[in-house]
Amino acid sequence: MSQKILCKKTAGMFVVAFIVLGALFAGCTGGSGEDDILEIKFWAMGREGEIVPEVLKEFERENPGVHVVVQQIPWTSAHEKLLTAFAGDALPDVAQIGNTWIAEFAALDAVAGLDEMAGASSVIKEEDYFPGIWATNVVGDSLYGVPWYVDTRLLFFRQDILRAAGIVRPPRDWAEWMHAATAVKQHVGKDNFAFYVPLNEYEMQVSLALQQGVPLLRDGNRYGNFSSPELVAAFDFYLDFFRKGLAPPSSETDIANVWDEFARGHFTFYLTGPWNIGEFRRRLPADLQDDWMTSILPGPSGPGASTAGGSSLVVFKHSEHKDAAFRLVEFLSRPEIQQQFYEISGNLPPRRSSWRGDRLESDPYLVAFREQLERALPAPKIPEWERIVQELRTVTERAVHEKWTAAEAARELDSRIDRILEKRRWMLARDGGEGA
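Residues numbered from 1 in each chain as written. Predicted model: local features only at pLDDT ≥ 70, side-chain atom pairs only at ≥ 80, totals over all residues. Heavy atoms only, no water.

Student: Honestly, the sheet that holds strand β12 (residues 292-295) in this entry has me stumped. Any pointers?
Tutor: On the basis of which strands lie adjacent, the open sheet formed by four strands has the order β8-β11-β7-β12 and mixed pairing. The open sheet has two edge strands with one neighbour each: β8 (195-196) and β12. Where strand β7 (residues 154-158) meets β12, four bridges bridge the pair, whose relative direction is antiparallel. Bridge pairing in β12 places F157 opposite M293. (Pairing = 2+ DSSP bridges. Helix = DSSP H or I, 4+ residues; strand = E, 2+ residues; numbered from the N terminus.)

What follows is the structure, given as structure tokens:
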């Protein structure tokens, strides 16, 4: 064989060997560039899905090699999409979910228990969170989510109309609230109202019931408890606003623009949440900006409880990157990050330390929210709760229009709840009383 041919064959062997070794090397290291990036899939709902990527830039700087892929999900389809993804084994690593959904996804065994990771965390400390908000994430004795932001309801009101009606301060209990509403109605006349509570919402009914100190469901969440004397009294107080003509029997769709109606004095009190602080500042005329304020929700005998709503962060059980996913949860739970998130979203932080600082502490409209969050209480933590509150909304709307008594409304609601919970009772009986 000639030296020239031998050299060609030798060179070819080196080329082949180089390619093989290169392939083996790439296989051992996972490649270079984008192949080295660990991707965390994060589903965020509504506007949060739009704005959270800006916050996450810092997380990626602190965690080189980790990239968060955010998918924005509309709130209107979020619940269905999560269930579909669960059925198809296509859930992300982390998601934002409404805290009333946690019990459902825990029952499906879809979300990871976080007790061990949260217990070892230097960031997440249970004692720093508003207790009612933290409790929404605990099912049984296990933690399944970490509160991301909170939503509670209280009163927005027109200070100038209250003063003109002879009311010197916002009401702090039910008797003062009814007295103030009656005085306002006498002042504003037959075409206007003291209070606006849309009939297509259920948050006020739940809040009034939570204030009574008795469970909304009885016998281990097997039956409705709205026929109890305490919850009938809450129904009666709610219905009185409509019986006495203090609130219009209308839904949200019957009022074209709630801010315009508030500005013209069509109603003086409005039960709503923190997002409307920004809306009132933007939408009310300049000459009314000093005439509105917020106040804690009155209770039967003093400042009362309200709902512990909001969104939580969960890590899904199937995730192959739980450690990195929980680092993302920790990052979004840091007080300085929650303050930054408030600045761009208006969502209220769920932990006390996140409220320290001029921006949150100096805002006069947030003072009542800070006080209210100490009194926020969780709803029953069962998968059926979303269906139950829709029945609550339907029954109270019928009670207003058909002039039912509070006791009649309570009996009807309990009957509907008991039908919803029929399968739950069967499962609890089958399992010997253990969790369904």
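Read on for the rest.
Student: Help me out: how do you make sense of the sheet that holds strand β14 (residues 309-315) in this one?
Tutor: Hydrogen bonds between backbone atoms are what pair the strands of a sheet, whose relative direction is either parallel or antiparallel. Taken in spatial order, the five strands of this open sheet run β2-β1-β3-β14-β6, and their pairing is mixed. Each end of this open sheet is capped by a strand with a single partner; those strands are β2 (66-73) and β6 (146-151). Geometrically, the sheet is characterised by an average inter-axis angle of 20 degrees between neighbouring strands, direction not taken into account. Summarising the sheet, strand β3 (residues 94-98) and β14 pair through five bridges and their orientation is antiparallel. Each residue of the ladder has a partner; that of A95, found in β14, is V314. (Axes fitted to C-alpha atoms, helices over the stretch in contact; angles between N-to-C directions.)

Student: How do you make sense of the packing of helix α17 (residues 385-402) against helix α18 (residues 406-420) when you look at a structure like this?
Tutor: Axis separation between α17 and α18 bottoms out at 10 Å; the angle between their running directions is 155 degrees. When the axes of α17 and α18 are compared, the pair comes out roughly antiparallel. As α17 packs across α18, the resulting crossing turns out to be right-handed. Residues R387, I388, E391, L392, T394, V395, R398 and A399 of α17 form the contact with α18, whose participating residues are A409, E412, L413, R416, I417 and I420. Each residue belonging to the contact of α17 with α18 can be placed in one class, and the counts come to eight nonpolar, one polar and five charged. (Parallel < 35°, antiparallel > 145°, perpendicular 65-115°, else oblique. Left-handed = near helix turned anticlockwise from the far one by under 90°. Contact = heavy atoms within 4.5 Å. Nonpolar A, V, L, I, M, F, W, Y, C, P; charged D, E, K, R; others polar.)

Student: Would you mind showing me how to read the side chain of N99 here?
Tutor: For N99, the position within the fold is in the loop between β3 and α4 (102-107). In terms of polar contacts, N99 uses its side chain to reach the backbone carbonyl oxygen of A308, at 3.2 Å. When residues no more than four places from it in sequence are discounted, the contact partners of N99 are T136, A308, G309, G310, S311 and S312. (Polar contact = N/O pair within 3.5 Å; in protein donor to acceptor, adjacent residues only side chain to side chain.)

Student: Hey, could you run me through the packing of aromatic side chains in this one?
Tutor: Two aromatic rings, taken as a pair, are described by how far apart their centres are and by the angle between their planes. Across all of its chains, the model carries 26 aromatic pairs by this definition. For the ring pair W174 and F237, a centre distance of 4.4 Å and an interplane angle of 10 degrees mean the geometry is stacked. Taken together, the residues span a long stretch of sequence, with W174 in helix α8 (residues 174-188) and F237 in helix α10 (residues 229-243) at a distance of 63 residues. A residue is classified by how much of its surface remains accessible, and F237, at 9% relative accessible area, is buried. Between K81 and the ring centre of W43, over which it is positioned, the NZ or CZ distance is 5.3 Å. (Phe/Tyr/Trp six-rings, centres within 6.5 Å; stacked < 30°, edge-to-face > 60°. Buried < 20%, exposed > 50% of the residue type's maximum accessible area, 1.4 Å probe, protein only. Lys NZ or Arg CZ within 6 Å of the ring centre and 35° of its normal.)

Student: What is the right way to look at the pattern of salt bridges in this model?
Tutor: Opposite charge on two side chains makes pairing possible when the charged atoms of those side chains draw close. Tallied over the full model, the rule gives 30 salt bridges. Two residues, K317 and D109, come together in a salt bridge whose shortest N-O distance is 2.7 Å. With K317 in the loop between β14 and α13 (322-333) and D109 in the loop between α4 and α5 (115-120), this residue pair connects regions lying 208 residues apart in the sequence. The shortest N-O distance in the salt bridge between D363 and R281 comes to 2.9 Å. Residue D363 is located in the loop between α15 (358-361) and α16 (367-373), and its partner R281 is located in helix α12 (residues 275-283); the two are separated by 82 residues in the primary sequence. Looking at D363, the relative accessible area reads 4%, which means it is buried. (Salt bridge = Lys/Arg side-chain N within 4 Å of Asp/Glu carboxyl O.)

Student: What exactly am I supposed to notice about helix α14 (residues 335-345) here?
Tutor: Quick reminder: α-helices carry 3.6 residues per turn. Residues three or four places apart thus point the same way. Restricting attention to buried positions, one finds in α14 the residues I337, Q338, F341, Y342 and S345. Relative to the axis of α14, the buried residues are bounded by an arc of 145 degrees and lie together on one face. In this fold, the buried residues of α14 make contact with α2 (46-62), β6, α13 and α15. Immediately downstream of α14, the backbone of G346 shows phi near 80 degrees, a positive value. (Arc of directions from axis to C-beta.)

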